[in-house]
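# Chain and residue survey
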Amino acid sequence: MIKILFVCHGNICRSTMAESVMTHLVKQRHLDHQFQIASAATSREEIGNSPHYGTVNKLCSVGIPVVPHRAVQMTRADYDKYDYLIGMDDANIRNMTRIAGGDPENKIHRLLEYAGSSRAIADPWYTGEFDVTYDDVLEGCEAFLDYLTTS
């Protein structure tokens, strides 16, 4: 079982979108029995809140079901629980590493690294551009899933 935790600042936009997209992709490939996929925040600001309506609207518009979700905060224990902790930008990576107490097993990565890019996932909280975020998330999740299934 491959265990993945997607992480962003609030866990209502980017990381929940990535969780839903990755869940959809593994189901399409009939690999869902091989994966455990979740998401979390580095902050406490949105704890308990459901996914942002922009994330929900975008995913619905492309036919991807939104996973049932309420925002939670990443914990130190998550580092041991998950095989991959995937952040959306450099600030997420710094905060994830701080929460985890380091990254001795090299489990913490940015999503677009798997697509060969140093770009951050666009943050729609500030831009309102959920289409751009979706394109980034889809590119990253497809490349990440290819990495996981061909490595």
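Preceding this section is the structure that the text describes.
Just so it is clear, the model here is predicted, and its values are computed rather than measured.

Each value, and the rule that gives it
Residues numbered from 1 in each chain as written. Predicted model: local features only at pLDDT ≥ 70, side-chain atom pairs only at ≥ 80, totals over all residues. Heavy atoms only, no water. Phe/Tyr/Trp six-rings, centres within 6.5 Å; stacked < 30°, edge-to-face > 60°. Helix = DSSP H or I, 4+ residues; strand = E, 2+ residues; numbered from the N terminus. Buried < 20%, exposed > 50% of the residue type's maximum accessible area, 1.4 Å probe, protein only. Core = buried A, V, L, I, M, F, W, Y, C linked by side-chain atoms within 4.5 Å. Contact = heavy atoms within 4.5 Å. Pairing = 2+ DSSP bridges. Right-handed = clockwise from strand over helix to strand, strands pointing away. Lys, Arg positive; Asp, Glu negative; His and termini not counted. Salt bridge = Lys/Arg side-chain N within 4 Å of Asp/Glu carboxyl O. Polar contact = N/O pair within 3.5 Å; in protein donor to acceptor, adjacent residues only side chain to side chain. Expected span 1.5 Å × (residues − 1).

Let us now look at the packing of aromatic side chains. Counted by the stated rule, this structure contains four aromatic pairs. Note on F6 and F144: the rings are 6.5 Å apart at their centroids and 80 degrees apart in plane angle, and the pair reads as edge-to-face. Of this pair, F6 sits in strand β1 (residues 2-8) while F144 sits in helix α6 (residues 130-150); the two residues are 138 residues apart in sequence, bridging distant segments of the chain. Accessibility expressed as a relative area gives 0% for F144, which makes it buried.

Moving on to the nonpolar core. By size, the foremost hydrophobic cluster in this structure holds 32 residues, and its most contacted members are I4, F6, V21, M22, C141 and F144. Considering every element that reaches this core, the biggest residue donor is α6, with eight residues. Once you skip the residues sitting within four places of it in the chain, F144 turns out to touch I4, F6, M22, Y84, I86, L111 and Y114. Residues Y79, M96, I99 and A100 belong to the second largest nonpolar core, which totals twelve residues.

The subject of this paragraph is the pairing of strand β2 (residues 35-41). With six of seven residues buried, β2 is to be regarded as a mostly interior element. Where β1 meets β2, seven bridges bridge the pair, whose relative direction is parallel. From the neighbouring strand, F6 faces β2, where its bridge partner is S39. Taken together, β1, helix α1 (residues 14-28) and β2 form a β-α-β motif whose crossover is right-handed.

Looking at where E19 falls in the secondary structure, it is placed in helix α1. In this structure E19 is buried but unpaired, with K27 as the nearest side chain of opposite charge at 10 Å. Of note is the side chain of E19, whose polar atom sits 2.6 Å from the side chain of S39. Ignoring any residue separated from it by four or fewer positions in sequence, one finds E19 in contact with F6, I37, A38, S39, V67 and H69.

Let's shift gears to α1. Since the α-helix turns once every 3.6 residues, residues separated by three or four places project in the same direction. Here α1 spans 21 Å end to end across 15 residues, near enough to the 21 Å set by a 1.5 Å rise per residue. Among the 15 residues in α1, twelve count as buried, and that is most of the element. Of all the positions in α1, only R14, S15, T16, M17, A18, E19, S20, V21, M22, T23, L25 and V26 are classed as buried. Immediately beyond the C-terminal end of α1, within one or two residues, lies H30, with a positive phi of roughly 60 degrees.

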